[in-house]
Every structure is written in structure tokens, then in C-alpha cells.
Amino acid sequence: MASSARFGNTRCLAQSRQSARKAPRQASQVQATIAMDREQAQSHESKDIPTAKPLDFEVTLPDMSKTVLGIILGGGAGSRLYPLTKKRAKPAVPLGANYRLIDIPVSNCINSNVNKIYCLTQFNSASLNRHLSQAYNSNVGGYSSKGFVEVLAASQSPTGSRWFQGTADAVRQYLWLFEEAERNGVEDFLILSGDHLYRMNYQDFVHTHRQTGADITVAALPTDEKQATAFGLMKIDGTGRIQDFAEKPKGEALKAMQVDTTALGLDAERAKKLPYIASMGIYVLKASAIRKLLYEHFPEANDFGSEVIPGAKDLGMHVQAYLYDGYWEDIGTIEAFYQANLALTKNPKPDYSFYDYDAPIYTMSRFLPPSKVADATISNSILGDGTVIRAGSRISHSVVGLRSLIQENCIVEDTLLMGSDYYETLEECALIPGCLPMGLGANTVVRKAIVDKNARIGSNVQIVNKGDVRESNMEHLGFVIKDGIVVVIKDSIIPDGTII
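Residues numbered from 1 in each chain as written. Predicted model: local features only at pLDDT ≥ 70, side-chain atom pairs only at ≥ 80, totals over all residues. Heavy atoms only, no water.

> Help me understand the overall build of the protein chain, please; the structure alone is not making it clear to me.
Check the secondary structure of the protein chain and you find 15 helices and 32 strands. Looking at the 500 residues of the protein chain, the share that counts as buried comes to 57%. Counting contacts in the protein chain only where the partners sit at least 6 residues apart, residues at least 24 apart contribute 66% of the total. Element-wise, carbon and sulfur atoms account for 50% of the exposed surface of the protein chain, whose accessible area totals about 20,700 Å². (Helix = DSSP H or I, 4+ residues; strand = E, 2+ residues; numbered from the N terminus. Buried < 20%, exposed > 50% of the residue type's maximum accessible area, 1.4 Å probe, protein only. Contact = heavy atoms within 4.5 Å. Areas by Shrake-Rupley, 256 points an atom, 1.4 Å probe, with all protein chains shown as cover.)

> I tried to follow the packing of aromatic side chains on my own but got confused; where do I start?
In this description, a pair of aromatic rings is defined by centroid distance and the angle of the planes. Counted according to the given criterion, the structure contains 12 aromatic pairs. Relative to Trp-328, the ring of Phe-231 has its centre 6.0 Å away and its plane inclined at 50°; by these criteria the two rings are tilted. Note that Phe-231 is positioned in the loop between helix 9 (225-228) and strand 11 (232-236) and Trp-328 in strand 15 (residues 328-330), a separation of 97 residues in sequence. For the pair shown, Phe-231 and Trp-328 are each scored as buried. For the pair Tyr-352 and Phe-354, a centre-to-centre distance of 5.6 Å together with 85° between the ring planes defines the contact as edge-to-face. (Phe/Tyr/Trp six-rings, centres within 6.5 Å; stacked < 30°, edge-to-face > 60°.)

> I keep staring at helix 14 (residues 334-343) and nothing clicks. Help me out?
An α-helical turn contains 3.6 residues, so any two residues separated by three or four positions project in the same direction. Taken across its 10 residues, helix 14 has 7 buried, putting it largely inside the fold. Buried residues of helix 14: Ile-334, Ala-336, Phe-337, Tyr-338, Ala-340, Asn-341 and Leu-342, and no others.

> Just to check I follow, could you spell out the environment of Pro-437 for this structure?
Within the secondary structure layout, Pro-437 lies in the loop between helix 15 (426-430) and strand 25 (439-440). Residues Pro-437 and Thr-425, spaced 12 residues apart in sequence, show a C-alpha to C-alpha distance of 7.9 Å. Dropping the residues within four chain positions of it, Pro-437 is found in contact with Glu-424, Leu-426, Cys-429, Arg-456 and Ile-457.

> Can you help me understand helix 5 (residues 126-135) in this one?
Every buried residue of helix 5 is accounted for by Ser-127, Leu-128, His-131, Leu-132 and Ala-135. The buried residues of helix 5 all sit within an arc of 130° when viewed along its axis, so they share a single face. (Arc of directions from axis to C-beta.)

> Help me understand empty space enclosed by the protein, please; the structure alone is not making it clear to me.
Where empty space is left in the structure can be found by rolling a water-sized probe over the atoms. Evaluated as defined, the whole model comprises 7 cavities of 30 Å³ or more. The volume enclosed by the largest cavity comes to roughly 100 Å³. Lining of the largest cavity is provided by 13 residues; of these, Ser-404, Gly-419, Gly-439, Val-451 and Ala-455 occupy positions nearest its centre. Contributions of two or more residues to the lining of the largest cavity are made by strand 23 (405-406) and strand 25. The class makeup of the residues in the lining of the largest cavity is 8 nonpolar, 4 polar and 1 charged. (1 Å grid on protein atoms, 1.4 Å probe; cavity = no way out; pocket = protein on both sides within 12 Å on 5 of 7 lines; lining within 4 Å. Points joined across faces, edges and corners; volume = space filled by probe spheres on them. Nonpolar A, V, L, I, M, F, W, Y, C, P; charged D, E, K, R; others polar.)

> How should I be thinking about the packing of helix 12 (residues 287-297) against helix 13 (residues 304-314) in this particular structure?
For any two helices packed against each other, one specifies the crossing angle of their axes together with the interaxial distance. One way to put it is that helix 12 packs onto helix 13 with a least axis distance of 11 Å and a crossing angle of 110°. Classified by the angle their axes make, helix 12 and helix 13 are roughly perpendicular. For the pair helix 12 and helix 13, the contacting residues are Ile-290, Leu-293 and Leu-294 in the first and Phe-304, Val-308 and Ala-312 in the second. (Axes fitted to C-alpha atoms, helices over the stretch in contact; angles between N-to-C directions. Parallel < 35°, antiparallel > 145°, perpendicular 65-115°, else oblique.)

> I'm lost on the side chain of Thr-415 in this one. Help?
With respect to the helices and strands, the residue Thr-415 is situated in strand 24 (residues 411-417). Beyond its immediate chain neighbours, meaning those up to four positions away, Thr-415 contacts Leu-342, His-397, Ser-398, Val-399, Val-446, Arg-447, Lys-448 and Ala-449.

> Sorry if this is basic, but what is going on with the pairing of strand 6 (residues 116-121) here?
Along a regular strand, successive side chains alternate from one face of the sheet to the other. Of all 6 residues making up strand 6, 6 are buried, and the element is well covered by its neighbours. Bridge count for strand 3 (residues 68-73) against strand 6 is 4 bridges, and the pairing is parallel. Within the sheet, the bridge partner assigned to Gly-70 lies in strand 6 and is Ile-117. When strand 6 meets strand 7 (residues 148-153), the two strands line up parallel, connected through 6 bridges. Opposite Cys-119, over in strand 7, you have Val-151 as the bridge partner. (Pairing = 2+ DSSP bridges.)

> Explanation requested: unusual backbone geometry in the structure shown.
For residues other than glycine, phi is negative in most cases, and the peptide bonds are mostly trans. Of note, the bond from Tyr-82 into Pro-83 is cis; its omega dihedral lies within 30 degrees of zero at 15°. Tracing the backbone through its elements, the reader meets Pro-83 in the loop between strand 3 and strand 4 (94-95). Residue Pro-348 is reached from Asn-347 by a cis peptide bond, and omega for that bond is 5°. When you line up the elements, Pro-348 lands in the loop between helix 14 and strand 16 (362-363). With phi around 50°, Asp-414 is a residue other than glycine that occupies positive phi space. The residue Asp-414 is located in strand 24 in this model. Unlike most non-glycine residues, Asn-443 shows phi in positive territory, near 65°. Secondary-structure assignment places Asn-443 in the loop between strand 25 and strand 26 (445-451). By relative accessible area, Asn-443 is classed as partly exposed at 38%.

> Sorry, what's going on with the side chain of Arg-403 here?
With respect to the element layout, Arg-403 can be found in the loop between strand 22 (399-400) and strand 23. Of the side chains with opposite charge, Asp-421 comes closest to the buried, unpaired Arg-403, at an N-O distance of 5.2 Å. In this view, Arg-403 contacts Arg-366, Leu-368, Asp-385, Gly-386, Thr-387, Ser-420, Asp-421, Tyr-422 and Tyr-423; residues no more than four positions away in its chain are not counted. (Lys, Arg positive; Asp, Glu negative; His and termini not counted. Salt bridge = Lys/Arg side-chain N within 4 Å of Asp/Glu carboxyl O.)

> Please clarify how the confidence of the model for the protein chain should be interpreted in this entry.
Atomic detail in the predicted coordinates should be set aside for any region of low pLDDT. Averaged over all residues, the pLDDT of the protein chain is 85; the fraction at 70 or higher stands at 85%. The low-confidence segment residues 1-62, where pLDDT is below 50, has 146 contacts with residues more than four positions distant or belonging to other chains. (pLDDT = per-residue confidence, 0-100.)

> Looking at this structure, how should I read the pattern of salt bridges?
Scanning all chains against the criterion turns up 17 salt bridges. With a closest N to O distance of 2.8 Å, Arg-210 and Asp-188 form a salt bridge. Taken together, the positions of Arg-210 in helix 8 (residues 202-211) and Asp-188 in strand 8 (residues 188-193) put the pair 22 residues apart, joining distant regions of the chain. Of the charged contacts in the structure, one is a salt bridge between Lys-255 and Glu-225, with a shortest N-O distance of 3.8 Å. Taken together, the residues span a long stretch of sequence, with Lys-255 in helix 10 (residues 251-255) and Glu-225 in helix 9 at a distance of 30 residues. Given a relative accessible area of 44%, Lys-255 falls into the partly exposed group. Since its relative accessible area comes to 38%, Glu-225 is described here as partly exposed. In this structure, a network of salt bridges that share partners links the residues Glu-187, Asp-188 and Arg-210.

Here it is, written out as C-alpha cells:
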């Protein structure tokens, strides 16, 4: 079963965890509990996943906590993740049984001692705001560091009355607020995306930015020729300074973007296999530089990656690349989101794991009971807290979310069940005429599907994409099919005996 790292009242455990790093962090700012013993966690760390690179320099804690402002871009309407974004902002989409997407960049910030964090969004921000306020705000920072995690939604003001038009425009509309942080000592803005899955120590990132004297530093992912065509690529000189950009090049234009990635620290053998570097959409910008870029040089630009940062390079600003050589996945589409979740069940070595003792992923403390499994069979799967699986059911290669209820003799394969937002007893449901209980009814089969929260799926239902359909919009019936994956919409009702 998956184990969650949560904020709680066990300060001493968090302090002992953080002391294991070469760059110590103020454990009193982050109080976490992990429901597994130290030996198991260290075993996962040493065998299953690449851990964050140890720091070979010293960054004083007040430096990061007082001089870096984290800005997480929540994205627009999330149309590529629809219908999972029908009733929530993209960063609030559930992930890995116990978490939400927003927990990834926020946890990376906290583990890097960045404790002033804004999340910019403009669609369905209620659940996101509730999650962040309940999970983090009472635990991040203190009287001296004044840490916070807050949502900034698009709003009308005397200087603007439009929606965010892109990443750069979103930051520009709230630059007046970020300038207040600058007056309080913030020197650099750390700009992150809310729909990426990775684990990264931003202390190293910021240190490289400052050590090179860059105005902007871009996180760069080494990649091979096959994958390179899907990314925005960068060309660098021998010092890692960016000389050129190309958006999803092909043919000769692609070959022209080859670089010697040993200049960024990649070993020679891997550099031959990965001769391209792709922008991850993660940046560090000097506060003084971003003000000039957004107000003076590019007041109409909407996007950082395609407009502002290439423009800064053309202006002669120092734009530096920073190598990130670890697991990273953009999960902005239904297929990518589905694959990234199921990859968490990979045994014995998942590409990404929540079992990292030194860099845990935090989330909201829900105080749920342990999961309960009757005479059921479970293999290569993750179970969230408070799950109930009844006798005769078989679960394989699946992620089962919080408060899920799976009745007798169900088959769940290659599926992401997001669970429920609240418990509903069978007795309570029986009081409502025609009510189906939340979860899966008896004898139901679900294969290659995503079932969103609070879905009520009856007995003897088959969600198997029987016709092998690639795309179908059946939203009025409670589901859609994208990339061959059946997605049952949140709060939907699928009657007894339905075959999809």
C-alpha cells in the first residue's frame, strides 16, 4: 500500500529526516509524518528511485527562505485533461491515490527551503484553495520567515480586467504583489508548473543561477533524438549559456540543435545517447530582470517559453541552462496522466516513487482509517487511505484512491480509481430512492479506465471499451473516451448492467 507523507504534530521525526541531507533545512518549518519505517524507506531510496543530487555547496537557510519566491503556474482551463478538470483546477487533480498534482511542486519547494509560494490559476479554484489552506498554511514558515502557500486567481483590477492570457501574462498581472515580496528581500523568482511529476532540489538550481550571474536560468532535461521532437530545445555554448531556441524542430533543424551535454555535467557515455536538451518549463529569474522584461521590453508578451525568454536572450541578457538528470513527466494530457499514475505501481523499481525518506511528498492530513481488504486478491497496485475491498475482488496494476469502496467479485485491471470525497454508508444510501452506492457495485469489471471521484457504478457493469474506441464524447451518459481510455466523470451514475 502507498504511504503518505503528511503534516502533523511529530516535529522530531521531521527534524531527524532533514538532518540527513548535506544542506540542512529548518525542520521546524515543515512537520511531517511518514507511515513506514526508516528501513523500508531507505531500501526504496537506495534501490528503486534516483534520489535528489546531494549539494556540494552551502546555502544558508535564511537565504532561500527569505530571498526566493515560488510561483506555481496552474495553467488555463485544462482542456487537455478534461473531463478531470470539469469541476476542479488542473493542479487540484488527484494523483497517486493520496495526493494532488499541486503537492509535487509545493513539496519540492518545502524540501528546498522555499516557503513563500503562490499558485496562479483562473478556473475552478475552490477545491485547490481549500486543499492548500488545509494542507500547508498552518505549517509552513513561522514568525520570522513568514512562509505561506496561497492561491492567486485571475481577477479584475484598475490595471487589467482580462483573464490570464498565458504564463507571462499571469505573472505580469500579479507583479505588483510580487514586488512587495521583493521589497522584503526576495531576489529571485522560481517559476514552476503545476502539472509536472518529478522530484527536484531547487537549492542547487538557485545556486547555479546565482553562481553564473545569470538573469534567467532554465531547467534543462537531456533527451534523445526520438523524444526531442516533442519539446522546445535549447542550444548552449561550452559554459552552459543558451545561444538558441527551437520549438519542436524536425529534420535538419533538429540536428542543428545537438549540443555537448557534458558541458552541463552529464557523463560522456550518456551525453552521446542524449545529445539534446529540452526546456522543462521551470525557471529562475532575477526579480530586477523580470520587471524589466514584462513591463518594458515585452509588455504584450503572453508566454515565457516562446516569447519572453528567447527575447531576453536576443536582448543580450544572460540566459543559462541548468541540467536536471532525473525522472520528469509532463502529465498535462489524459494519456500521460493515466500512464504516470499506473507507472507508480511498477515493481520492483518504479521510475518515480513517493517513498523518499529525505524528500517526502506532503499532502493534507485527512485522518482516515487504514484500508481494509477482505478475501480479495491485490497485485502490483497502490491503495489509498480508507479503502474497503470486499471478498472475491481482484485488483491488478491499478491505483485505488481515498475512501474507495469495491464490492464483492469485482475485477479492476490497469485502472485509476480516484475514490470519494466523503464516506456514505449503505444505510444512508438506502434512504434515497434509486440511489447507487459510491464506488463499484458487485460483479463489476473495469479495465483501462480512469474513474473520477464520487462516481456511482452499479452492479454487473462492464467498463472495458468493448468496441476499442479511440475517441468518444458521451458526457451526457457520464463518461468520455480519450486515447482509448474510458474516463468516468466525477459524480456520474453508471446504472446496473451497463456495458461501455
